[in-house]
Amino acid sequence: MLYDEAYLARTEKMVRTHLPDWGLPPDAALQLLSISENATFRATAGPQDIVVRVYRPGYHEAAEIRSELAWIEALRADGVVPTPAIIPTHDGRLLNEENGDGTLRRLAAFAFVPGVEPTEGADLAHWFTRLGTFHARLHAHAKGWRRPEGFARKVWDFESMLGDRPLWGDFRAALGLDAPGRALLERTALALKDSLAPLTTPESFGLIHADLRLANLLADGDSLTLIDFDDCGFSWYLYDFASAVSFMEHSPLVPTLKAAWMEGYRTLAPLPADADAQIDVFVMLRRMLLTAWVASHAETPTAQAMGAPYTTGTLALAEDFLSRRG
């Protein structure tokens, strides 16, 4: 497992070594905030308060990370959505690198922003209405933004999710999956592939955040801040809603959240006439992608919290998805 205790201890030591690059002492208070694709730490020393992301080795190339950071800077410069500032090193680098133990490690720092993850409850639809407007702004910016030369981000299409080049592992390796379950998911994948083919057009497919799930939203009073553009890439615009309901696709709240998100989106931009049906396809696609992710990232707290029961839920959603398609 990548993020075992020894690895995290080495990672923390490396972060402390690099804190002076951002003007903090090596003995600053350091708190591990999350482990997902990356390990993220909060470092505090007096008034200085930053978040240091240590990128997962082998996931993104340097050009991809610099492209992510370039979009964040453009979004902030253009006042599109609230998202934390990138903190450059004292010599002006947005991306920090080291190769001390033979493995190239990459780090970036962001301003700490207060807030908490919205939770399932009565107010969640309110946040999804707001999120719909934010997604509309992100999509409009992506369509009009002149990307810098060398811009490179992953493409989140069927092949990179469930097809021959899966970025997050093979859904057939899902935890607790038996032969009948595997056959059910294979039928679902084929149905998804057929459904997605006509939806892949220049008008429907472009640069998106791709991971604005609840854990990547910070609510503070009535303000909402978007974080973690690590998975931003090229995909279907409506897939952004599916990523917003990650790990809760089975919740009875999802139809309400979908309606709220669409209402917010439409205040700034039109949606396709069949957006409601399209979103259902993307939710199933995301669920199967995350089922693969849970198996391939079994060392992360999120994957451990999901476990084999998440696969069981995926099978139930797949049965329902196929039955509704006839």
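As a starting point, this report considers the structure included with it. Since the model is a prediction, treat every value here as computed from it, not as a measurement. (Residues numbered from 1 in each chain as written. Predicted model: local features only at pLDDT ≥ 70, side-chain atom pairs only at ≥ 80, totals over all residues. Heavy atoms only, no water.)

1. Re unusual backbone geometry
Then, number 1: Phi is positive for Ala210, which is not a glycine, with a value near 75 degrees.
Then, number 2: Within the secondary structure, Ala210 is located in the loop between β7 (205-208) and β8 (217-220).
Then, number 3: For Ala210, a relative accessible area of 3% translates into the label buried.
Then, number 4: Positioned with a positive phi, Asp228 is a non-glycine residue whose angle comes to about 60 degrees.
Then, number 5: Owing to a relative accessible area of 24%, Asp228 belongs among the partly exposed residues under this scheme. (Helix = DSSP H or I, 4+ residues; strand = E, 2+ residues; numbered from the N terminus. Buried < 20%, exposed > 50% of the residue type's maximum accessible area, 1.4 Å probe, protein only.)

2. A word on helix α7 (residues 254-266)
Then, number 1: For α7, with 13 residues, the first-to-last C-alpha span of 18 Å sits near the 18 Å given by 1.5 Å per residue.
Then, number 2: Of all the positions in α7, only Val254, Leu257, Lys258, Ala260, Trp261, Met262, Gly264 and Tyr265 are classed as buried.
Then, number 3: Of the surrounding secondary structure, the elements contacted by the buried residues of α7 are α3 (124-144), α6 (239-244) and α8 (275-296). (Expected span 1.5 Å × (residues − 1). Contact = heavy atoms within 4.5 Å.)

3. With respect to helix α5 (residues 179-196)
Given 3.6 residues per helical turn, the α-helix brings residues three or four places apart onto the same face.
Then, number 1: End to end, α5 covers 26 Å across 18 residues, agreeing with the expected 26 Å (1.5 Å per residue, within 8%).
Then, number 2: Where α5 is concerned, the buried positions are Gly181, Leu184, Leu185, Thr188, Ala189, Ala191, Leu192, Ser195 and Leu196. Axial view of α5: buried residues confined to an arc of 165 degrees, hence all on one face. When the buried face of α5 is taken as reference, the exposed residues oriented beyond 90 degrees from it are Ala179, Pro180, Leu190 and Asp194. (Arc of directions from axis to C-beta.)

4. Focus: the side chain of Arg106
Then, number 1: Residue position: Arg106 is located in strand β6 (residues 105-111).
Then, number 2: Polar contacts involving the side chain of Arg106 include one to the main-chain carbonyl oxygen of His60, which spans 3.3 Å.
Then, number 3: Polar side-chain contacts of Arg106 include one of 2.8 Å to the side chain of Glu97.
Then, number 4: Dropping the residues within four chain positions of it, Arg106 is found in contact with Arg53, Val54, Tyr55, His60, Glu61, Ala62, Ile65, Leu95, Asn96 and Glu97. (Polar contact = N/O pair within 3.5 Å; in protein donor to acceptor, adjacent residues only side chain to side chain.)

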